Amino acid sequence: MPPALPESLAFNLNFLHPLLMWVLLATAGYAMLLGIKAKKTRTGTPEERKELIKGQFGRRHFQFGSLVLAVMVLGTFGGMAVTYLNNGKLFVGPHLLVGIAMTSLLAVAAALSPLMQAGNVVARKIHVGLNMGVMTLFLWQAVTGMQIVQKLLSPPAA
Ligand code: HEM
Ligand code: HEM
């Protein structure tokens, strides 16, 4: 068993992860929009491209993508740490397993950056495929996450 946490601290830590993850969902959605615009910058008609290049969407997508990766890694391990500190164990269920899968997929997708920047089309396709998968799983993760929040808020079963 890990050392017991003071009651109030444990209570607040319970809600740090869900809050952070809702903010991350919005940030990831924004990063996705920037990625789609980066693609349009690459593939649009000459007039469209001339306009879109000013937005520097590729660069901004890379920046926001990196932020999303960092926060997701910390959020996942943070969620596991809080669960462990509170319960002395992890609950091997959908939320834990899908969370680990999401973080792994996002890390692999991010590692394709140098290849994408060298113009590798296959790397690009894999990047988009993996990350669209991550975004879909994120919606599901929000549902199972809120179910855990509900459980934390309801009084313990007698
Ligand atoms: C939030 C999830 C993400 C989604 C949905 C996403 C989606 C996309 C899309 C649609 C493109 C355009 C591909 C094309 O031009 O055909 C792209 C490009 C790219 N992404 Fe992501 N991405 C995500 C996260 C990340 C992360 C975490 C990184 C790196 C830390 C990253 C780095 C890049 C780079 C370097 C490019 C090439 C940009 C360019 O053309 O200059 N992305 N991504
Ligand atoms: C978007 C909304 C999300 C909500 C509302 C949410 C909520 C929660 C809650 C309440 C816990 C339990 C913490 C505790 O015991 O005090 C938890 C644990 C956890 N969360 Fe989330 N979460 C969300 C998203 C995510 C995402 C995106 C990931 C990873 C990519 C993730 C990974 C984890 C992990 C690995 C745990 C530890 C699970 C365990 O050992 O049982 N969560 N989450």
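Notes on the structure follow. What you are looking at is a predicted structure, and each value in this text was computed from that prediction instead of being measured.

1. Observations concerning the site of ligand 1
Link 1 in the chain: Not every one of the 27 residues close to ligand 1 is listed here, only the nearest: Gly-35, Lys-39, Gly-58, Gly-65 and Asn-131.
Link 2 in the chain: Where the shell around ligand 1 is concerned, the elements lending two or more residues are helix H1 (7-43), helix H3 (57-87), helix H4 (94-111), helix H5 (113-117) and helix H6 (121-153).
Link 3 in the chain: The class makeup of the residues in the shell around ligand 1 is 15 nonpolar, nine polar and three charged.

2. Quick word on unusual backbone geometry
Link 1 in the chain: Of note, the phi angle at Gln-56 is positive, near 50 degrees, even though the residue is not glycine.
Link 2 in the chain: Relative to the elements of secondary structure, Gln-56 occurs in the loop between helix H2 (46-53) and H3.
Link 3 in the chain: Under the C-beta neighbour-count criterion, Gln-56 is labelled partly exposed, with 15 such atoms within 10 Å.

3. Brief notes about the packing of H4 against H6
Link 1 in the chain: In the contact formed by H4 and H6, the axes pass within 9 Å of each other and the chain directions differ by 155 degrees. The pairing of H4 with H6 is recorded here as roughly antiparallel in orientation. H6 is crossed by H4, and the crossing has left-handed handedness. The segment H4 lies against H6, with Pro-94, His-95, Val-98, Gly-99, Ala-101, Met-102, Leu-105, Leu-106, Val-108 and Ala-109 engaging His-127, Leu-130, Asn-131, Gly-133, Val-134, Leu-137, Phe-138, Trp-140, Gln-141, Thr-144, Gly-145 and Ile-148.
Link 2 in the chain: Within the contact of H4 with H6, the residues separate by chemical class into 14 nonpolar, eight polar and no charged.

4. Let's talk about the nonpolar core
Link 1 in the chain: Grouped together as the largest cluster of nonpolar side chains are 12 residues: Ala-28, Ala-31, Leu-34, Ala-38, Phe-57, Val-68, Met-72, Met-102, Leu-106, Ala-109, Val-134 and Phe-138.
Link 2 in the chain: Counting residues per element, the ones that place at least two in this core are H1, H3, H4 and H6.
Link 3 in the chain: At four residues, the largest contribution of residues to this core is made by H1.
Link 4 in the chain: Residues contacting Ala-31, with those up to four places away along its chain left out, are His-61, Phe-64, Gly-65 and Val-68.

5. A closer look at the site of ligand 2
Link 1 in the chain: Looking at ligand 2, there are 29 residues lining it, with Pro-18, Met-21, Gly-79, Gly-99 and Gly-145 nearest.
Link 2 in the chain: Contributions of two or more residues to the shell around ligand 2 are made by H1, H3, H4 and H6.

6. Quick word on H4
Link 1 in the chain: The terminal C-alpha atoms of H4 lie 26 Å apart, and with 18 residues this matches the ideal 26 Å at 1.5 Å per residue to within 8%.
Link 2 in the chain: For H4, every residue scored as buried is listed here: Gly-99, Met-102, Leu-106 and Ala-109. Viewed end-on, H4 has its buried residues packed into an arc of 100 degrees, placing them on one side of the element. Facing away from the buried side of H4 by over 90 degrees, the exposed positions are Leu-97 and Ala-111.
Link 3 in the chain: Against the buried residues of H4 lie H3 and H6.

7. Topic: the packing of H3 against H4
Link 1 in the chain: For the pair H3 and H4, the least separation of the axes is 10 Å and the interaxial angle reads 150 degrees. When the axes of H3 and H4 are compared, the pair comes out roughly antiparallel. Crossing handedness for the pair H3 and H4: left-handed. From H3, Gly-65, Leu-69, Met-72, Val-73, Thr-76 and Gly-79 reach across to H4, where they touch Gly-99, Ile-100, Thr-103, Leu-106, Ala-107 and Ala-110.
Link 2 in the chain: A per-class count over the contact of H3 with H4 returns seven nonpolar, five polar and no charged.

Rules behind the numbers
- Residues numbered from 1 in each chain as written.
- Chains lettered and ligands numbered in written order.
- Predicted model: local features only at pLDDT ≥ 70, side-chain atom pairs only at ≥ 80, totals over all residues.
- Near = placed C-beta within 6 Å.
- Helix = DSSP H or I, 4+ residues; strand = E, 2+ residues; numbered from the N terminus.
- Nonpolar A, V, L, I, M, F, W, Y, C, P; charged D, E, K, R; others polar.
- Buried ≥ 20, exposed ≤ 12 C-beta atoms within 10 Å, placed from the backbone.
- Axes fitted to C-alpha atoms, helices over the stretch in contact; angles between N-to-C directions.
- Parallel < 35°, antiparallel > 145°, perpendicular 65-115°, else oblique.
- Left-handed = near helix turned anticlockwise from the far one by under 90°.
- Contact = placed C-beta atoms within 7 Å.
- Core = buried A, V, L, I, M, F, W, Y, C linked by C-beta atoms within 7 Å.
- Expected span 1.5 Å × (residues − 1).
- Arc of directions from axis to C-beta.

In short, geometric facts, not functional conclusions.
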